[in-house]
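Each chain is listed here by its residues.
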Amino acid sequence: MSDQQASAARRREVTIAGHTGRADIATEALSDADATVRAAALGALERLGELTDDMIRIALIDPDLIVRRRAAEVAATHPGVDMLQALDDGDPRVVEVAAWTCGEHESNRDEIVA
């Protein structure tokens, strides 16, 4: 099995875990070597109601933009997560999602608006 196939299999397992109540599998996947698996883990944990603000904060500083973008997206339902750093991300795709999330948070903090 190639690395790409192995990553796809792990991503599939994590996605299914989010639909079958296996938070343990999804939580473990937050530290997977593959960014797409880590991003899937965020979605699975959110679906299960197990995603914490701290998990999102860690994902928002992930080295991979796929994870940071997904973290910014799921943060929309977590108003306790400060999106200021994500609005300064080096990738415009992350910044765009972070700005949308700030709108979902209905944040009008001066730092956010600026």
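Residues numbered from 1 in each chain as written. Predicted model: local features only at pLDDT ≥ 70, side-chain atom pairs only at ≥ 80, totals over all residues. Heavy atoms only, no water.

*Asks:* Tell me about the packing of helix 1 (residues 3–20) against helix 3 (residues 35–48), and name the residues and values.
*Replies:* Two elements in contact, helix 1 and helix 3, have axes separated by 8 Å at closest approach and are oriented at 5°. Of the possible angle classes, the one that applies to helix 1 and helix 3 is roughly parallel. From helix 1, S7, R10, R11, V14, T15, A17, G18 and H19 reach across to helix 3, where they touch T36, V37, A40, A41, A44, R47 and L48. Classifying every residue of the contact of helix 1 with helix 3 by side-chain character gives seven nonpolar, five polar and three charged. (Axes fitted to C-alpha atoms, helices over the stretch in contact; angles between N-to-C directions. Helix = DSSP H or I, 4+ residues; strand = E, 2+ residues; numbered from the N terminus. Parallel < 35°, antiparallel > 145°, perpendicular 65-115°, else oblique. Contact = heavy atoms within 4.5 Å. Nonpolar A, V, L, I, M, F, W, Y, C, P; charged D, E, K, R; others polar.)

*Asks:* Residue-level account of the pattern of salt bridges, with values.
*Replies:* Within this structure, the stated rule accounts for seven salt bridges. Across the salt bridge formed by R22 and D24, the nearest N and O atoms sit 2.7 Å from each other. On the accessibility criterion, D24 (45% relative accessible area) is partly exposed. Residues E73 and R70 are paired through a salt bridge, measuring 3.1 Å at the closest nitrogen-oxygen approach. (Salt bridge = Lys/Arg side-chain N within 4 Å of Asp/Glu carboxyl O. Buried < 20%, exposed > 50% of the residue type's maximum accessible area, 1.4 Å probe, protein only.)

*Asks:* Residues and numbers for helix 7 (residues 92–105), please.
*Replies:* In a regular helix each residue adds 1.5 Å, so 14 residues correspond to 20 Å; helix 7 covers 20 Å between its end C-alpha atoms and thus fits that length. Those residues of helix 7 that fall on the buried side of the exposure criterion are V94, V97, A98, T101, C102 and H105. Seen along its axis, helix 7 keeps its buried residues to an arc of 150°; they face one direction. Residues P92 and E96 are exposed on helix 7 and point more than 90 degrees away from its buried face. Next to the buried residues of helix 7 lie helix 5 (65–74), helix 6 (84–87) and helix 8 (110–113). (Expected span 1.5 Å × (residues − 1). Arc of directions from axis to C-beta.)

*Asks:* Just give me the short version of the environment of E46, but keep the residues and values in it.
*Replies:* Of note, E46 is situated in helix 3. Spatially, the C-alpha atom of E46 lies 13 Å from that of D24, the residues being 22 residues apart in sequence. With near-sequence residues (within four places) excluded, E46 lies in contact with L51, V74, T77 and H78. A distance of 2.5 Å separates a polar atom in the side chain of E46 from a polar atom in the side chain of T77. (Polar contact = N/O pair within 3.5 Å; in protein donor to acceptor, adjacent residues only side chain to side chain.)

*Asks:* Mind laying out the nonpolar core, listing which residues take part and the relevant values?
*Replies:* V14, I56, L60 and M83 are the most contacted members of the largest nonpolar core, which has 29 residues in total. Counting only elements with at least two residues in this core, the list comes to helix 1, helix 2 (23–29), helix 3, helix 4 (53–59), helix 5 and helix 7. Among residues more than four places away in sequence, those in contact with L60 are R68, A71, A72, V81, D82, M83 and A86. (Core = buried A, V, L, I, M, F, W, Y, C linked by side-chain atoms within 4.5 Å.)

*Asks:* Quick one: what's the story with the side chain of R38, residue by residue and with numbers?
*Replies:* Within the fold, R38 resides in helix 3. Owing to a relative accessible area of 10%, R38 belongs among the buried residues under this scheme. Of the polar contacts made by the side chain of R38, one reaches the side chain of D62; its length is 2.8 Å. Contact partners of R38, with chain neighbours within four places excluded, come to A29, L30, S31, D32, A33, D62, D64 and V67.

*Asks:* Kindly report on helix 1, identifying the contributing residues and their values.
*Replies:* Its 18 residues place the ends of helix 1 25 Å apart at the C-alpha level, agreeing with the 26 Å of an ideal helix rising 1.5 Å per residue. When helix 1 is considered as a whole, its buried residues turn out to be S7, A8, V14, A17 and G18. Buried residues in helix 1 make contact with helix 2 and helix 3. Residue G21 follows helix 1 closely and has a positive phi angle near 80°.

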